[in-house]
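Listed below, chain by chain, are the residues.
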Amino acid sequence: QQQVKQSPQSLIVQKGGISIINCAYENTAFDYFPWYQQFPGKGPALLIAIRPDVSEKKEGRFTISFNKSAKQFSLHIMDSQPGDSATYFCAARQFDRGEYGNKLVFGAGTILRVKS
Amino acid sequence: GAVVSQHPSWVICKSGTSVKIECRSLDFQATTMFWYRQFPKQSLMLMATSNEGSKATYEQGVEKDKFLINHASLTLSTLTVTSAHPEDSSFYICSAPDRRGNTDTQYFGPGTRLTVL
């Protein structure tokens with residue numbers, strides 16, 4: 001059962017355009033939603049993250065939009081550059097400080113290619 | 001952000017041998033670390049949760065005797081692939097949550113590419 005559904009599977013955007021990746025979840029106990037960027041042969045790197053009490057968070061060219069009622073969140077990459085070409089993963093976590101670890105549930109990933 | 005390292009970055013071994021992969025949190029302590037496996041063009045698959053001072057917690061379908069996990073200290077977890085076979089060839093990635101403050105942000109290592117001949 002896929003707890004976090006991510007779309008599209010792949011995306012091609014022109015340089016300077018806006019890249020949009022969407023994720024949806026079912027578990028209302030999730031309380032933290034990070035996005036990770038992964039280049040081939042490398043580990044994922046945290047890009048930006050949001051908590052459900054905020055509807056939008058912006059860091060540079062990257063923005064997360066969060067819709068709690070719809071249980072959806074999305075990543076917007078403004079002014080997309082060829083260097084942004086990578087695989088992007090959304091994730092969700094149910095936090096419990098008493099537990100040994102708070103697992104992340106990952107989406108299937110989106111392969112982004114920015115054409116120059 | 002916090003730094004997590006892995007060693008080695010790649011390893012090639014013969015079928016039947018054992019391979020150890022190290023995961024270290026360099027600038028913070030981690031009572032918990034996570035081990036993932038990733039196949040080409042696929043998402044990260046959580047294998048197990050490594051717990052300092054206690055046994056690891058394995059995800060359903062992951063063989064405990066095949067993938068041995070030891071959380072030796074607050075900054076080091078090791079994954080040993082025992083009697084490796086070609087089907088164990090994969091990209092193995094660890095992560096550690098940084099619990100300083102109240103963030104609990106997970107940082108990933110650079111990954112280890114295992115090729116079993």
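As a reminder, the structure under discussion sits directly above these lines.
Computed from a prediction, not measured in an experiment: that's the story for all the values here.

Details of the interface of chain B and chain A
Interface size is often expressed as the accessible area that is lost when the parts come together. Residue-level contacts link 24 residues of chain B with 23 residues of chain A. For the pairing of chain B and chain A, the buried interface totals around 1900 Å² over both sides, and the portion due to carbon and sulfur atoms is 50%. Of all residues in chain B, the largest losses of buried area upon contact with chain A belong to R99(B), D104(B) and F108(B), amounting jointly to 25% of the total for that side. At the junction of chain B with chain A, the criterion picks out 1 salt bridge. The shortest N-O distance in the salt bridge between K103(A) and E59(B) comes to 2.8 Å. Taken together, chain B and chain A are joined by 6 residue pairs in polar contact (both at pLDDT 80 or more). Among the elements of the structure, β4 (32–38), β5 (44–51), β9 (90–98) and β10 (105–108) of chain B are those that each provide at least two residues to the side of chain B that touches chain A.

A closer look at the environment of S15(B)
All names here are of chain B. Inspection of the secondary structure puts S15 in the loop between β2 (10–13) and β3 (19–25). Separated by 12 residues in the primary sequence, S15 and V3 have C-alpha atoms spaced 32 Å apart. Discounting chain neighbours no more than four positions away, the residues touching S15 are A84, H85, P86, V116 and L117. Within the local environment of S15, its side chain forms a polar contact with the side chain of H85, the two groups lying 3.1 Å apart.

Considering the pairing of β5(B)
Residue and element names in this part refer to chain B. The buried fraction of β5 amounts to 7 of the 8 residues, a majority that puts the element mostly inside the structure. Pairing analysis gives 7 bridges linking β4 to β5, with the strands arranged antiparallel. Following the sheet pairing, T32 is matched in β5 by N51. Connecting the antiparallel pair β4 and β5 is a turn made up of 5 residues, with K41 showing a positive phi of about 60°. In this sheet, strand β6 (residues 57–58) lies alongside β5 in antiparallel orientation, the contact comprising 2 bridges. Its bridge partner lying in β6, A48 is registered against Y58.

Parameters at a glance
- Residues numbered from 1 in each chain as written.
- Chains lettered and ligands numbered in written order.
- Predicted model: local features only at pLDDT ≥ 70, side-chain atom pairs only at ≥ 80, totals over all residues.
- Heavy atoms only, no water.
- Contact = heavy atoms within 4.5 Å.
- Buried area = accessible area lost by both parts, 1.4 Å probe.
- Salt bridge = Lys/Arg side-chain N within 4 Å of Asp/Glu carboxyl O.
- Polar contact = N/O pair within 3.5 Å; in protein donor to acceptor, adjacent residues only side chain to side chain.
- Helix = DSSP H or I, 4+ residues; strand = E, 2+ residues; numbered from the N terminus.
- Buried < 20%, exposed > 50% of the residue type's maximum accessible area, 1.4 Å probe, protein only.
- Pairing = 2+ DSSP bridges.

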